[in-house]
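# Reading the structure
Now for the letters of each chain:
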Amino acid sequence: MINQEYKAMIGKKSVIRELAEYATRRSEEIGRENVFDYTIGNPSVPVPQAFTDKLVELATSHDPVAVHGYSPSLGITSVREKIAASLRRRFGLEYRKEHIFMTSGAAGAVAHALRAVTVPGDEVITFAPYFPEYNPYVNKTGAVLKIVPPDTETFQINFEEFEKMFSSKVMAVLINTPNNPSGITYSTETIKKLAAFLEDREREYGHDIYLISDEPYREIVFKGVDAPYVAGFYHNSITCYSFSKSLSLPGERIGYVAVNPACRDAKLIVEMCGQISRGIGHNCPPSIIQLAVAEVADLTADLSVYETNMNILYHELTGLGFSCVKPGGTFYMFPKAPEEDAVAFCKRALKYDLILVPADSFGCPGYFRMAYCMSTEKVRRSLPAFRKLAAEYRQIRERSGQA
Ligand code: PLP
């Protein structure tokens, strides 16, 4: 018999993907330039030239077996060494190649980290608003995902609710900063408080509790924003990184797990990742892509457009009366919908060819997410549509005497 659980998931596709598909259909009708598609986090800035040059050089003038052959199961040794050296330089932790495992993006990294530190029945806690894919990422390991309700004033961690939900069954805490969908970064104060809390609980329960830090947006941090390197604060931490957003390479499926050298079983966890791969049929990312990213591990694409877009949208939307916590990074923002039902709001927005994502599936009903990884010219052209939408809500309020 076919697996009924996966069959049931077909009917519950990601709302982001469904709206993105709608945007594609609508583009065929009225032209892509006329559809303001704020749905999917597909980076829009070009890949750094240094990456492309390296890729061409590898493909044309290196030993085909080295470039196109199987990678060792933990990743190519020289690549792991270069990534460890880059992390040492940038964050001051004593990473060596033994702490690095190459993965297919952050998704692959989180899949391995979760399996390395939980068994079926364990609990994993995350914080709303959260990336909806955490549901399948965690639940399909057999562990149980628990979601702490949001602190909608700041979108930092809601410690009061977190402490209430915490029990000896929690083996891992999964965080994402800079955050998709809120765009905020967890402050040094938040990370310190989280680390102190987990250390206390480790002592109380007498077992390790891992902090899995999902960081695909680590390099997209705006000027002057406090965005600490999480692993610097907690020994049992596993960093899940991706080059998808920093180098604009989501289709190349490349990232890594970096286990904190101070973690009790650091080297063992990395070795175990190779075995987890065997179990889930994950093979290391393509050798040529590993070799190319290793050369540009300290670089990013020109990410400045995201901050420009954020400032334009934040200014415009708050001016129109939307309430929104100002993003500190990523290419997302997360305003409150002007009516309780964000699904209804996003439906109304479609009238103006504004495609926005209701945040119910991010654990934060009443809000919506905008992925503004598009040209600034397009962001500017979308502003009249937001004005028309806001005007419609003003009329609704006036008619109902709420203005
Ligand atoms: N985690 C978060 C928070 C994300 O936003 C994404 C992708 O958008 C991922 C993980 C998966 O990233 P990757 O494409 O590197 O697998």
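Here the structure is a predicted model, which means the values were calculated and not measured.

With that out of the way, let us pick up the overall build of the chain. The number of helices and strands found in the chain is 14 helices and twelve strands. Expected size for 403 residues packed as a compact globule is a radius of gyration near 22 Å; at 22 Å, the chain falls within 12% of this value. Dimensions of the chain, computed from the C-alpha atoms along their principal axes, are close to 65 × 55 × 55 Å. Expressed as a percentage of its 403 residues, the buried residues of the chain come to 54%. Look at the contacts in the chain between residues 6 or more apart in sequence, and 76% of them connect residues 24 or more apart. Only carbon and sulfur atoms are counted for the fraction: they give 51% of the accessible area of the chain, which is about 17600 Å². In the chain, 45 positive and 47 negative side-chain charges are present, and the distance between their average locations comes to 3 Å.

A few words on the packing of aromatic side chains. Aromatic ring pairs are reported here in terms of the distance separating the ring centres and the angle at which the planes meet. Summed over all chains, the structure comprises 27 aromatic pairs. Seen from their ring centres, Phe322 and Phe345 are 6.1 Å apart, and the 65° between their planes marks the pair as edge-to-face. Here Phe345 lies in helix α13 (residues 342-350) and Phe322 lies in the loop between α12 (304-319) and β9 (332-333), a separation of 23 residues in the sequence. Of the two residues examined, Phe322 and Phe345, each falls in the buried class.

Moving on: the pattern of salt bridges. Under the criterion given, the structure shown has 22 salt bridges. Salt-bridge contacts for Asp298 lead to Arg89; the nearest nitrogen and oxygen are separated by 2.6 Å. With Asp298 in the loop between α11 (287-295) and α12 and Arg89 in helix α5 (residues 77-91), this pair connects stretches of sequence that are 209 residues apart. Under the relative-accessibility criterion, Asp298 is labelled partly exposed at 43%. Residue Arg89 is classed as exposed on the basis of its relative accessible area of 58%. In this structure, Glu392 engages Arg348 in a salt bridge whose closest nitrogen and oxygen atoms are separated by 2.8 Å. On the criterion of sequence distance, the pair formed by Glu392 in helix α14 (residues 376-399) and Arg348 in helix α13 is long-range, its members being 44 residues apart. A residue is classified by how much of its surface remains accessible, and Glu392, at 10% relative accessible area, is buried. A cluster of three or more residues bridged by salt bridges with shared partners is formed by Arg90, Glu215, Arg218 and Glu219.

Summarising burial for strand β8 (residues 255-259): five of the five residues are buried, a large majority. Alternating positions in β8 separate into two faces, Gly255, Val257 and Val259 on one and Tyr256 and Ala258 on the other, with burial throughout. Where strand β7 (residues 237-242) meets β8, five bridges bridge the pair, whose relative direction is antiparallel. When the sheet's bridge partners are listed, Ser242 is paired in β8 with Gly255.

To continue, consider the site of the ligand. Taken together, 15 residues are adjacent to the ligand, and Ala106, Asp214, Tyr217, Ser242 and Arg253 come closest. Taking Asp214, its side chain carries an N or O atom lying 2.5 Å from a nitrogen atom of the ligand. Within the side chain of Ser242, one N or O atom sits 2.6 Å away from an oxygen atom of the ligand. In isolation the ligand has 390 Å² of accessible area, and contact with the protein removes 91% of it. Elements represented by at least two residues in the shell around the ligand include exactly α6 (105-117) and α7 (134-139). Residue contributions to the shell around the ligand peak at three residues, all from α6. Partitioning the shell around the ligand into residue classes produces seven nonpolar, five polar and three charged.

Basis of the calculations
Residues numbered from 1 in each chain as written. Predicted model: local features only at pLDDT ≥ 70, side-chain atom pairs only at ≥ 80, totals over all residues. Heavy atoms only, no water. Helix = DSSP H or I, 4+ residues; strand = E, 2+ residues; numbered from the N terminus. Rg over C-alpha atoms; globule rule 2.2 N^0.38 Å. Buried < 20%, exposed > 50% of the residue type's maximum accessible area, 1.4 Å probe, protein only. Contact = heavy atoms within 4.5 Å. Areas by Shrake-Rupley, 256 points an atom, 1.4 Å probe, with all protein chains shown as cover. Lys, Arg positive; Asp, Glu negative; His and termini not counted. Charge placed at Lys NZ, Arg CZ, Asp CG, Glu CD. Phe/Tyr/Trp six-rings, centres within 6.5 Å; stacked < 30°, edge-to-face > 60°. Salt bridge = Lys/Arg side-chain N within 4 Å of Asp/Glu carboxyl O. Pairing = 2+ DSSP bridges. Near = heavy atom within 4 Å. Polar contact = N/O pair within 3.5 Å; in protein donor to acceptor, adjacent residues only side chain to side chain. Nonpolar A, V, L, I, M, F, W, Y, C, P; charged D, E, K, R; others polar.

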